[in-house]
Amino acid sequence: MAPSAEDIHDKLAPSILSADFARLGEEIRAVERAGADMIHFDVMDGHFVPNISIGIPVMESVRKVTRLPIDAHLMISEPARYVEAFVKAGANSISVHCEVCPDIPAMARRIHDLGARASIGINPETDADKVLPFAEHLDMSLVMSVHPGFGGQEFIPAALDKLRYIRRELKRRGLSIDVEIDGGVKLDNIADVKAAGANVFVSGSGIFGKPDYGKIMNEMRELVVHTPSKL
Ligand code: DX5
Ligand code: ZN
């Protein structure tokens, strides 16, 4: 059955890149208790982005401590080589960057065949039209609102126009896939990204940088719930 607007749910996705890795299990349980809908798991290879983060063994460990869906955000140059390993290690969805994905439908098929949800990431300097023609193959598109590689950066405001453009195009074509915003999302801009059409909100330093995850996530959720999508 074709998806309808009612299928789009708002989801808070804490990015564990900003968690205390020495206490990762506790950190994940804490955001789960605080109402997280999904865990955002940032993988960096020191090549696609100028930083190195976590990989497959950490995914296996994280899988054991949470029942939440885990999205593996692969900021790596050769995603096709690793999607299977990440799904086997416990990822429920895989986000691959369009900048390193020459055949989006084939990648989506591969991810679906492995039993996971397929998502394509779009860097700030990349045109949304690189991904939109293939939207019907996808479960989610991931819009970067910082240059990928590091947590704690400033939100790039041009991402709002990109979100609006993507959500309008999806609506026009009757598609209601998730649109995830990633980078610099905090209490002071989460309403703006919701209004612009995002429904999955990644936040790393905006949550893990705060003393009380429950309080900050409740405040975020209130804003999201009470802000209509203006499209
Ligand atoms: C950036 C990562 C983001 C990052 C978000 O390269 O893809 O997921 O962890 O962190 P904040 O919310 O601190 O910008
Ligand atoms: Zn990310």
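My aim in this report is to walk through the structure given alongside it, one point at a time. Every chain begins its residue count from 1, and numbering advances along the sequence as written. Chains carry letters from A onward and ligands carry numbers from 1 onward, assigned in written order. Owing to the predicted nature of the model, reporting of local features is limited to residues with pLDDT of at least 70; listing and counting of side-chain atom pairs is limited to 80 or more, with chain, interface and lining totals taken over all residues. Hydrogens are left out, water is left out, and the side-chain values use all remaining heavy atoms of the structure.

### As for the coordination of the zinc ion (ligand 2)
Donor selection uses N, O and S atoms within 2.8 Å of the metal (3.2 Å for Na, K and Ca). Since no water is included, sites may look incomplete. The zinc ion (ligand 2) binds to the protein through His40 (NE2), Asp42 (OD), His73 (ND1) and Asp182 (OD); the donor distances cover 2.1 to 2.2 Å. Geometry is assigned from donor-metal-donor angles: four donors are tetrahedral when every angle falls between 85 and 135 degrees, four are square planar and six octahedral when opposite donors sit over 155 degrees apart with all other angles between 65 and 115, and any other arrangement is irregular. What the six donor atoms of the zinc ion (ligand 2) show is an angle range of 73 to 177° at the metal, which sorts the shape as octahedral. All donor residues of the zinc ion (ligand 2) come from one chain, and their arrangement in sequence is H-x1-D-x30-H-x108-D. A residue pair is termed long-range when its members are at least 10 positions apart, and His40 in strand 2 (residues 39-44) and Asp182 in strand 7 (residues 178-182) qualify at 142 residues. We note that His40, like Asp182, is buried. Secondary structure elements follow DSSP: runs of H or I of four or more residues count as helices, runs of E of two or more count as strands, with numbering from the N terminus. To sort residues, take the accessible area from a 1.4 Å probe on protein chains only and compare it with the maximum for the residue type: under 20% means buried, over 50% means exposed, and anything in between is partly exposed.

### Quick look at the packing of aromatic side chains
Centre distance within 6.5 Å is the pairing criterion for rings of Phe, Tyr and Trp, where only the six-membered ring of Trp is used; planes under 30 degrees apart are then read as stacked, over 60 as edge-to-face, and the remainder as tilted. One pass over the full model with this rule turns up one aromatic pair. Ring geometry for Phe208 versus Tyr213: centroids 5.2 Å apart, planes at 75°, classification edge-to-face.

### Here we look at the pattern of salt bridges
When a carboxyl oxygen of Asp or Glu is within 4 Å of a side-chain nitrogen of Lys or Arg, the pair counts as a salt bridge. Scanning all chains against the criterion turns up 13 salt bridges. Here Glu27 makes a salt bridge to Arg23, at a shortest N to O gap of 3.8 Å. Taking the relative accessible area as the measure of exposure, Arg23 reaches 35% and is therefore partly exposed. Arg117 serves as the salt-bridge partner of Asp178, at 3.2 Å between the closest nitrogen and oxygen. Of the two residues, Asp178 is situated in strand 7 and Arg117 in strand 5 (residues 117-122); the sequence distance between them amounts to 61 residues. On the basis of relative accessible area, Asp178 is assigned to the buried category, the value being 4%. Classification of Arg117 as partly exposed rests on a relative accessible area of 31%. Each member of the salt-bridge network shares a partner with another, and the members are Asp20, Arg23, Glu26 and Glu27.

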